[in-house]
Each structure stands twice: as C-alpha cells, then as structure tokens.
Amino acid sequence: MLHNSLRYILAVAQAGSIRVAANMLNVAQSAISRQIINVEADLGVSLFERHARGVSLTPAGEVFLRFARDTRGLSERVRSEIDALSGFRRGVVRIWAIDSVSQDVLPRAIIHFTAENPGIRFEVTVASTEEVVAAVEDVRADIGIAFQPQLPAAVRASLRLRFPVHALMSVDHPLAKADSLSLTEALEYPIALTPAGSGSRILLEATALAAGVGLMPKFESNSIQMLSNFAQSTSGITFLSRLCAASGLKSGQLAAVRLRDRLMSVARIEMLLLRDRALPAAAAQFHEHMARALRYASKQ
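Because the structure is predicted, anything quoted here is derived from the model rather than measured.

A.B. asks: Which parts of the structure should I look at to understand the packing of helix H2 (residues 18-25) against helix H3 (residues 29-43)?
C.D. replies: Between two packed helices, what matters for the description is the angle formed by their axes and the separation of those axes. Put simply, H2 and H3 touch, their axes get as near as 9 Å, and they point 115° apart. On the basis of their axis angle, the class for H2 and H3 is roughly perpendicular. Regarding H2 and H3, the two cross each other, and that crossing is right-handed. Side by side, H2 and H3 meet where Ile18, Arg19, Ala21, Ala22 and Leu25 of the first sit next to Gln29, Ile32, Ser33 and Ile36 of the second. Looking at side-chain class alone, the contact of H2 with H3 contains six nonpolar, two polar and one charged residues.

Put into structure tokens, the structure is as follows:
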C-alpha cells in the first residue's frame, strides 16, 4: 500500500547507502535511484547528499523523511482497520526490545498471542536501550521495551515497572542462601558486568562510588546468556534482574539474591510508544497483552 518511492527513501535513509538499501529490499540500485531522482525533480530540492561512503539526508530530506514515516504509520493503520472490518485478524507487529526481555517473557508472550491470533506476524529486534528508543522515534518499531531509557519528546512510556537488580550466582555459591547482600559483600567474588554505559552498569557504578569501592570485572558482555553462564559455571557473580535469568532460576541452576543498596531497587523496564501515534490494531492488541505479561513477571 505504501508507494515505492516512500519505501525506497525510508530504506536509504535508514541504511545510509543506496546499495545497502537495494540489498535490503531486493531491488536494483537503479530502481531506487530513479525513484529518488523523480521525487527530487517533483519537489525541486535534493533529498540526499551523495558522498564516497554513501548518502546522507539534506535538511529537505529530513522534512520529507518525517512525512514518509507518518505516511507509513497511517498506511499500516488503514490496512489494520480495514482488516478488522473484514473480519480478518492479520498484520505485522514490530518490536524492538532489550536482551533481558527477549530471554523469556517476550517469546512466551508472542507464543501465547499467536496461538489465539495466528494471522499476526512478528518482527523482533534485540537491541540496546538507546537503539530501542531511536527505533520507536523513527517508526521502525511499533513497540519498544527498554531499561531505564532517556526519552526524547517524541517518545512516551506507556508502562513503567520496577525490576530490581539482583546478584545472580550458582546455587552452590557460598552466598546463594543469603536473604540479601550489599554490593560490597558481592565484590569479594569475581564479577561479570554488562558494558559501560548500559543501564544496570550505570546503577552499579553509582552504588560502588557511594560505597567507596571499585568495580573490576573479570568478564564483560552485552549478552545476557553469557553473563548468566558465567554466574552459573564459576564462583563469580553477575548483576541483573530476575527477568534476565528466568530459565536458570526455574531450572534451579541459578540463585538470585536481593541487593540492599538503594539504587539496585529502583531499576525499571519501560514499554515505549511514539507519542500521538495511533498503533495499528494488531500492535495495539499485542501491546496490552505484553503489558499484562510484564506486570505478571514483575511480581515473580
């Protein structure tokens, strides 16, 4: 339903390259170039600046890109509402989410939802919080799920839930049966951390600074699975929400011990939407389903 010229310009703006966009869309570069030239001729302005490593948007291109994104959102909503009137339950829901949510709660929510709505298809991208926010703002995502995001004016949080950071360790660890720990006590053992700049790392660094101790990780990774494996297979500790280690906790291979430090209890996960955008029917329906799944997970 979306005109080719708009699809092509959106893809080129995202990729920063006509060649890469052509590969993404499985069309000839010449077809994309021709559509861009036609739109530029019609508007009397250049939308892209061409350079050796690709293309970048001109100021006029930025304006056109906003129009193209708005048009894509409207097109999806029109299609969704027509499908609903026709009695069909179909559509595509685009989700960008942090790794911790993708480990357990998100796939289970999708499986349950598609069992009742088999015509709905999902596109899920696992990304950092900053990337999730950008995808929602750019209308590449219908729904974003992020950890303590800094939100631009165009993006709003539709749900905020506390998911405290815990010390995760093997069930055989000497501290595994403790009711609670301080970060200082946990640092007597080897630690594994998420990368610098990540939400949980920022909270840990602030807590360590207040306690007058340093963080010297033996291992760093942006992979929740690798951090969980480190804690499960060594005498070390990692620091994540219980949500990240749901399977390990259920299987009895991991223990999660509450951290007494105040900042560890205020960590939150948020569902994000583009402000003033009406979601397509399928995405709106799944948004409510996912919100219920997260609320349930936050109480576990």
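A.B. asks: It is not clear to me how the nonpolar core should be interpreted in this structure. Could you clarify?
C.D. replies: For soluble globular proteins, nonpolar side chains are generally found buried alongside one another. Phe239, Phe286 and Met290 are the most contacted members of the largest nonpolar core, which has 52 residues in total. No other element matches the eight residues that helix H12 (residues 281-298) contributes to this core. Leaving out residues up to four positions away in the same chain, phenylalanine 286 has contacts with Val93, Ile95, Leu106, Ala109, Ile110, Phe113, Phe122 and Ile143. By size, the runner-up hydrophobic cluster in this structure holds 18 residues, among which are Val12, Ile18, Ile32 and Phe64.

A.B. asks: Hey, could you run me through the sheet that holds strand E12 (residues 254-259) in this one?
C.D. replies: Within a sheet, each strand pairs with its neighbour through backbone hydrogen bonds, oriented either parallel or antiparallel. Reading across the sheet, the six strands line up as E8-E12-E7-E11-E9-E10 and stay open at both edges, with mixed pairing between neighbours. Whereas interior strands pair on both sides, the edge strands pair on one side only; in this sheet they are strand E8 (180-181) and strand E10 (219-220). The strands touched by helix H10 (residues 224-233) within the sheet are strand E7 (165-170), strand E9 (191-193), E10, strand E11 (237-241) and E12, with E11 carrying the most contacts at an inclination of about 135°.

A.B. asks: Sorry if this is basic, but what is going on with the pairing of E7 here?
C.D. replies: The side chains of a regular strand alternate, first on one face of the sheet and then on the other. Within E7, six of the six residues are buried, which leaves the element mostly enclosed by the surrounding structure. For E7 and E11, the ladder comprises four bridges, and the chain directions are antiparallel. Note that in E11 the partner of valine 165 across the bridge is serine 241. Bridge count between E7 and E12: five bridges; the pairing is antiparallel. Among the inter-strand pairings, serine 170 is bridged to a residue of E12, identified as leucine 254.

About the thresholds
Residues numbered from 1 in each chain as written. Predicted model: local features only at pLDDT ≥ 70, side-chain atom pairs only at ≥ 80, totals over all residues. Heavy atoms only, no water. Axes fitted to C-alpha atoms, helices over the stretch in contact; angles between N-to-C directions. Helix = DSSP H or I, 4+ residues; strand = E, 2+ residues; numbered from the N terminus. Parallel < 35°, antiparallel > 145°, perpendicular 65-115°, else oblique. Left-handed = near helix turned anticlockwise from the far one by under 90°. Contact = heavy atoms within 4.5 Å. Nonpolar A, V, L, I, M, F, W, Y, C, P; charged D, E, K, R; others polar. Core = buried A, V, L, I, M, F, W, Y, C linked by side-chain atoms within 4.5 Å. Buried < 20%, exposed > 50% of the residue type's maximum accessible area, 1.4 Å probe, protein only. Pairing = 2+ DSSP bridges.

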